[in-house]
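# Survey of secondary and tertiary structure
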Amino acid sequence: MIEQLLAYNTIVVLLGVSILGAGAGMVGSFAVLRKRALTGDAVAHAALPGVCVAFLILGERNLTFMLLGALASGVLGIVIIAALCRWTRVREDAAIGIVLSVFPGLGFALSRMIQNMTTNGSKAGLESFILGKTAGMTRPDVYLILASALFCLAVVLVLYKEFKVVAFDTGFARSLGWPVYWLDLLLMSLIAVAVVIGLPAVGIIMMAALLILPGAGARFWTDSLGWLLFIAGAFGLLTGLIGTVFSALFSLFPAGPIIVLSGSVIFLISMLLGTRRGAMVRLLEHRCFQRDYGERQLLLATYDVASRTGQARVSAADLLARKSWSPGKVNGLISNAASSGLVERLETDEIRFTPAGLVRAVEVTRGHRLWEELLTEYPELAGSVVNLASESVDKYVEPAIIADLTASLKRQSRWPELPTETAEAAV
Amino acid sequence: MSPILDIHDVTVAYQRKPVLWDVDLIIEQPQLAAIVGPNGAGKSTLIKAVLGLIPMASGSVQVLGEPVARQRKKIGYVPQRESVDWDFPVSVLDVVLMGTYGRLGWFRRPGHAEREWARQCLNKVGLSQFERRQIGQLSGGQQQLVFLARALAQKAEIYFMDEPMAGVDAATEQIIFELLRELRQQGKTIIAVHHDLRTVPLYFDWVALLNMRLVASGPVETTFTPENLRKTYGGRLAILDAAGEAMKAGSEAP
């Protein structure tokens, strides 16, 4: 098995598919950001009749020529989409749908014709264009892929700034006088090139995944476009590497599905573990917020009840009456606060602040009342900054306003003060 | 001297339905100008047609005596906030930097000088502390301010703004107004689509009333009259009342 992996041919294929993945991932990221993810899919599907026609004209299998045929009919596919949108009332999604089905239809018909008509029809290897096949890749194929991928990379780097603005804010790009139409066309052409060189390895049905998955996965790890492109390239490379190794190990399966499945595993991992917007990070942030917010709510309610009754002891029943919490929730909040050393449970169903807890409760209550006061007195300031996660207003408004609010709260006797002995103990 | 903006006989149509019909508009002097009119009156369309973002069926536009295509570097643009995807992976400073791209020219990357200038512009709108944030993490009003900072970074002579005060809170609206006034004092011209009739006399000194055709244009004191508003909005009373109040408030203001 190891010898199989180290075979000369496997290394050639490994190199080819990895570079292909990196190039497609980078170019594809821009397509995703430009909301043109499906264009790549359309190009891939539209390429099939071109491959067949190229074979019919030449009468023998010649990869370069067939890829040129694929490029021609792929580009024809996008031109037809653009023309349908521009000159008829067909909308873009419908236009893409038409190309996505009519071109492969024509392609399948032609390929059946080739297989029936010519004696060497089965040698055309047309089926590898549908589901992908890496085994037959030769050294010149890899050179072709390398050159095309480097070309795509170079264009993306040189026109990085232009592509960025066009993808983010087309109207602004036009207002600068930039030829947005031609930049879009160039981006689509790069996508077409990336798709076409990937066809023999990945196949028309799954090529779009190689464009979309790396960029979509990379988005979970970064908020910066530069890093996104870099990570997408790396993910594409990795997809190619892993996919090729597995398709060499399981040679019964077509390569396309295995490569695409490798890509989707990377995507899935990113979706779950991505440091920027992955599910785990979001869940953790939400948990943290919930815990912090719940703790503050408990301290507020307890302080409120205690100052109303004048008793240091507060029963869970009072808290329940005060807030719309379930008994289980109150219990959970109390346990959390107790383990943070803010409150202590008494033998009855009652709790009491620890000295540190009282200091904290006064702090939280002050913050909360300042927010309330700010919302009442300065709604135009508070409306845009009010946030359940921020405990205090001092990040958002000037000290003068805070002093004003504090004075107003003191006048209404709503400014919580620490009992002197606790304050001294806290110091 | 040639006028700042000369819109001549502009017609824009979708299919055969006109959105703007034979609009003539001349702004001679630097102004803080509002374009006002009911929904669907073609306010945004006028700005987009002037900038060449959408094709005109007929007509011509000159900025400072030359066709728009030759004056791109003197034009700043603030699109509607809803027109872009705020989830896009760029930081606040990145967006402001885009304002320098028009001067940079093809292929060139923004350098230290551009970054410094973008920081200054961001500082002007009071968002310096957010420069590294992803743009989606800002509030709506802050997003609008980022767009304004980008326009400032363009160092333009004439600014076109599509609803710069739409959906922002009162405090941000005040900041935006101060910025517009400062630009105006530097001799720049601002042409803003504005939706709130009540604040027209407070914020602007020149107004164009638009409803597919240009109903009236000129200084606010003489043009923003109940009669012209009736022509623009038809007989919709609630709006006219609001405008009447606005006129009163405007005449009472110092």
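As the structure is a prediction and not an experimental result, all values here were calculated from the model.

## So, the sheet that holds strand β4 (residues 58-63) of chain B
Residues and elements named next belong to chain B. In spatial order, the strands read β2-β1-β4-β5; together these four strands make up an open sheet with antiparallel pairing. Each having just a single partner strand, β2 (17-27) and β5 (66-67) make up the two edges of the open sheet. Where β4 and β5 come together, two bridges link them in antiparallel fashion. Residue Val 63 lies in a different strand from β5, and its bridge partner there is Glu 66.

## Some details on the nonpolar core
For soluble globular proteins, the rule of thumb is that nonpolar side chains tend to be buried together. Within the largest apolar cluster, 162 residues are counted, with the highest numbers of intra-cluster contacts made by Phe168(A), Leu199(A), Val202(A), Leu5(B), Leu46(B), Phe160(B) and Met161(B). If one sorts the elements of this core by residue count, helix α10 (residues 180-202) of chain A sits on top with 15 residues. Beyond its immediate chain neighbours, meaning those up to four positions away, Phe168(A) contacts Val84(B), Asp85(B), Phe88(B), Val90(B), Val95(B), Met98(B), Ile135(B), Phe147(B) and Arg150(B). One finds Val305(A), Trp325(A), Leu333(A) and Val343(A) within the second-largest nonpolar core, a separate group that totals 23 residues.

## Here's the deal with the domain arrangement of chain A
What the domain assignment reports for chain A is domain 1 (2-274), domain 2 (278-353) and domain 3 (362-427). The distance between the C-alpha centroids of domain 1 of chain A and domain 3 of chain A comes to 58 Å.

## So, the confidence of the model for chain B
In the predicted model, chain B carries a mean pLDDT of 89, and 92% of its residues have values of at least 70. Across the predicted assembly, pTM comes out at 0.85 and ipTM at 0.91.

## Looking at the pattern of salt bridges
All names here are of chain A. Summed over all chains, the structure comprises 25 salt bridges over all chains. Here Asp 304 and Arg 308 are joined by a salt bridge, their closest N and O atoms 3.5 Å apart. Remark: Arg 308 and Asp 304 occur in helix α14 (residues 279-309); sequence separation between them is four residues, near one turn of the helix. Of the charged contacts, one joins Arg 313 and Glu 350 as a salt bridge, the two residues approaching to 3.2 Å between their closest N and O atoms. Of the two residues, Arg 313 sits in the loop between α14 and β1 (314-315) while Glu 350 sits in strand β3 (residues 350-353), which places them 37 residues apart along the sequence. It is possible to trace a salt-bridge network through shared partners that takes in Asp 304, Arg 308, Arg 322 and Arg 369.

## As for the interface of chain A and chain B
Taken together, the contacts link 31 residues of chain A with 35 residues of chain B. Across the chain A to chain B interface the summed buried area is about 2,900 Å²; carbon plus sulfur atoms make up 63%. On the chain A side of the contact with chain B, Lys161(A), Phe168(A) and Phe172(A) bury the most area, a combined 26% of that side's loss. Our count for the chain A to chain B interface comes out at three salt bridges. Between Arg277(A) and Asp87(B) there is a salt bridge, with the nearest N and O atoms lying 3.2 Å from each other. Counting the contacts that link chain A with chain B gives ten residue pairs in polar contact (both at pLDDT 80 or more). Mapped by element, the contributors of at least two residues to the side of chain A that touches chain B are α7 (139-158), α8 (160-168), α9 (170-175) and α18 (379-385) of chain A. Looking at the side of chain A that touches chain B residue by residue, the class counts come to 15 nonpolar, five polar and eleven charged.

## A word on the side chain of Arg360(A)
All names here are of chain A. Tracing the sequence through the fold places Arg 360 in helix α17 (residues 355-377). With a relative accessible area of 19%, Arg 360 lands in the buried category. Apart from the residues lying within four places of it in its own chain, the contact partners of Arg 360 are Glu 295, Arg 296, Leu 299, Leu 342 and Glu 391.

## Let's talk about the packing of α8(A) against helix α2 (residues 92-104) of chain B
In contact at an axis separation of 11 Å, α8(A) and α2(B) are set at 120 degrees when each is read in the N-to-C sense. With respect to their mutual orientation, α8(A) and α2(B) come out oblique. In this structure, α8(A) meets α2(B) at a crossing whose hand is left-handed. In contact with Lys161(A), Lys164(A), Val165(A) and Phe168(A) of α8(A), α2(B) contributes Asp94(B), Val95(B), Met98(B), Tyr101(B) and Leu104(B). When the residues that make up the contact of α8(A) with α2(B) are grouped by side-chain class, the tally is six nonpolar, no polar and three charged.

Calculation rules
- Sequence positions are assigned chain by chain, starting from 1 and proceeding in written order.
- Note on labels: chains are lettered from A, ligands numbered from 1, in written order.
- Local features in this predicted model are restricted to residues whose pLDDT is 70 or higher, and side-chain atom pairs enter the listing and the counts only when it is 80 or higher, whereas totals over whole chains, interfaces and linings include all residues.
- Values shown for side chains rest on all heavy atoms present in the structure; no hydrogens or waters enter the calculation.
- One requirement defines pairing of two strands: DSSP has to find at least two bridges between them.
- The helix and strand labels rest on DSSP assignments: H or I over at least four residues marks a helix, E over at least two residues marks a strand, and numbering proceeds from the N terminus.
- The criterion is simple. A nonpolar core is a set of buried Ala, Val, Leu, Ile, Met, Phe, Trp, Tyr and Cys residues joined through side-chain atoms within 4.5 Å.
- Buried, partly exposed and exposed residues are distinguished by accessible area as a fraction of the type maximum, computed with a 1.4 Å probe on protein chains only: under 20%, between the cut-offs, and over 50%, respectively.
- Here a residue-residue contact requires only that any non-hydrogen atoms of the pair lie within 4.5 Å.
- Boundaries of every domain are those given by an automatic assignment or by a domain database.
- Confidence scores labelled pLDDT are given residue by residue by the predictor and lie between 0 and 100.
- Think of a salt bridge as a Lys or Arg side-chain nitrogen and an Asp or Glu carboxyl oxygen that are within 4 Å of each other.
- The buried area of a pairing is the accessible area, by a 1.4 Å probe, that goes missing from both parts when the two are put together, added over both.
- For this analysis, a polar contact is any N or O atom pair within 3.5 Å, provided that within protein one partner can donate a hydrogen and the other can accept it, and provided that sequence-adjacent residues contribute only side-chain to side-chain pairs.
- The residue classification treats Ala, Val, Leu, Ile, Met, Phe, Trp, Tyr, Cys and Pro as nonpolar and Asp, Glu, Lys and Arg as charged. All others, Gly included, are polar.
- Working convention: axes come from line fits to C-alpha atoms, limited for helices to the stretch in contact. Angles between N-to-C directions cover 0 to 180 degrees.
- Here roughly perpendicular refers to angles of 65 to 115 degrees, roughly parallel to angles under 35, roughly antiparallel to angles over 145, and oblique to all remaining angles.
- For any helix crossing, the convention is left-handed if the near helix is rotated counterclockwise from the far helix by under a right angle, and right-handed if that rotation is clockwise.

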